[in-house]
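Survey of secondary and tertiary structure
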Amino acid sequence: MRDSSGKPGEAYVCWLCAGLVADSPTACAACRHAQIMTKEMNGKKLKNIFVNGAIKALFIAEQIEKHSTKTSIGAHEIFLGQVRADVLNNKKVVAINYTTYEDMALEKMHEIRELIFAKYELTCMHVYHSLGEVKAGEISLFVFTSSAHRRAAIDACNEVVERIKNELPVWGKEIFEDESYVWKVNR
């Protein structure tokens with residue numbers, strides 16, 4: 001997509017129907033699927049990994065179900081990151097509010113994706129990370145790798161999770177019962 005000056009700009013493309021939705025990652029105008037967009041930035045397609053709020057179990061199940069027709073796949077590995085109700089300084093965490101600098105995070109995730117596909121023989125890889133508030137007990141990170149054999153799927157999934165935790169510019173504000181907060185430190 002090009003902006004009014006003729007330079008490459010930003011656009012979002014639906015992963016399911018390839019419908020173009022300019023300037024909005026939230027819903028495809030063609031097929032009405034929400035949050036399943038690829039961001040096209042300066043000629044490079046970047047998958048939008050961000051989901052507003054918690055990642056729902058039905059969404060996870062649907063993503064897994066889509067792979068049942070891909071008969072060259074022999075193994076899947078899945079990581080689900082769940083918000084814990086930690087107690088810090090005698091205060092219980094009730095939610096985490098995730099924020100990011102989206103363009104930077106999508107660029108970094110694209111780099112991680114390219115490195116993982118170069119290193120492991122994967123059929124596919126999907127990553128979804130929450131933004132906004134996610135309550136304790138809800139899912140905030142979903143990583144799903146597939147390959148012909150289990151070792152590649154397992155090792156790739158583990159490496160993706162570690163790289164996300166260490167390299168992706170996503171920050172979490174842990175919110176306590178009394179509505180005070182602290183910024184989360186990844187371990």
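Worth saying up front: this structure is predicted, and the values here are computed from it rather than measured.

A separate point is helix H3 (residues 150-167). The terminal C-alpha atoms of H3, which comprises 18 residues, lie 25 Å apart, in line with the 26 Å expected from a rise of 1.5 Å per residue. Of the positions making up H3, those classed as buried are Ala152, Ala153, Ala156, Cys157, Glu159, Val160, Val161 and Ile164. On the buried face of H3, the contacting elements are strand E6 (75-82), helix H2 (102-119), strand E9 (122-135) and strand E10 (139-147).

Compared with an ideal rise of 1.5 Å per residue, which puts 18 residues at 26 Å, H2 spans 25 Å between its outermost C-alpha atoms and is within 8% of the ideal. Inspection of H2 places Ala105, Leu106, Met109, His110, Ile112, Arg113 and Ile116 among the buried residues, and these make up the whole buried set.

Further remarks concern the confidence of the model for the chain. Averaged over every residue, the pLDDT of the chain is 84; the share at 70 or more is 76%. This model gives residues 14-20 a pLDDT under 50, and the stretch forms 26 contacts once residues within four places in sequence are excluded. A low-confidence stretch, residues 31-37 (pLDDT under 50), is modelled with 28 contacts involving residues beyond four sequence positions or located in other chains.

This brings us to the nonpolar core. Membership of the largest hydrophobic core comes to 27 residues, with the highest contact counts inside it found for Met109, Ile116, Val127, Val143, Val160 and Ile164. Contributing elements (two or more residues each) for this core: strand E8 (91-100), H2, E9, E10 and H3. Contact partners of Val160, with chain neighbours within four places excluded, come to Met109, Ile116, Met125, Val127 and Val143. Ranked by size, the runner-up nonpolar core spans eight residues in total, among them Tyr128, Ile139, Phe142 and Phe144.

With that out of the way, let us pick up the layout of surface pockets. In this model, the largest pocket occupies a volume close to 570 Å³. What lines the largest pocket is a set of 26 residues, and nearest its centre among them are Ile96, Tyr98, Lys165, Lys184 and Asn186. Per element, the largest residue contribution to the lining of the largest pocket is four residues, and it comes from strand E11 (residues 170-176). In terms of residue class, the lining of the largest pocket is made up of 14 nonpolar, six polar and six charged.

All right, on to the pattern of salt bridges then. Per the counting criterion, the structure on display carries nine salt bridges. Among the salt bridges present, the one from Glu167 reaches Arg163, with a minimum N-O distance of 3.0 Å. Of this pair, Glu167 and Arg163 both sit in helix H3, four residues apart, which is roughly one turn of that helix. Judged by relative accessible area, which is 31%, Glu167 ranks as partly exposed. The structure contains a network of salt bridges with shared partners spanning Lys108, Glu111, Lys119, Glu159, Arg163 and Glu167.

Reading guide: rules and limits
Residues numbered from 1 in each chain as written. Predicted model: local features only at pLDDT ≥ 70, side-chain atom pairs only at ≥ 80, totals over all residues. Heavy atoms only, no water. Helix = DSSP H or I, 4+ residues; strand = E, 2+ residues; numbered from the N terminus. Expected span 1.5 Å × (residues − 1). Buried < 20%, exposed > 50% of the residue type's maximum accessible area, 1.4 Å probe, protein only. Contact = heavy atoms within 4.5 Å. pLDDT = per-residue confidence, 0-100. Core = buried A, V, L, I, M, F, W, Y, C linked by side-chain atoms within 4.5 Å. 1 Å grid on protein atoms, 1.4 Å probe; cavity = no way out; pocket = protein on both sides within 12 Å on 5 of 7 lines; lining within 4 Å. Points joined across faces, edges and corners; volume = space filled by probe spheres on them. Nonpolar A, V, L, I, M, F, W, Y, C, P; charged D, E, K, R; others polar. Salt bridge = Lys/Arg side-chain N within 4 Å of Asp/Glu carboxyl O.

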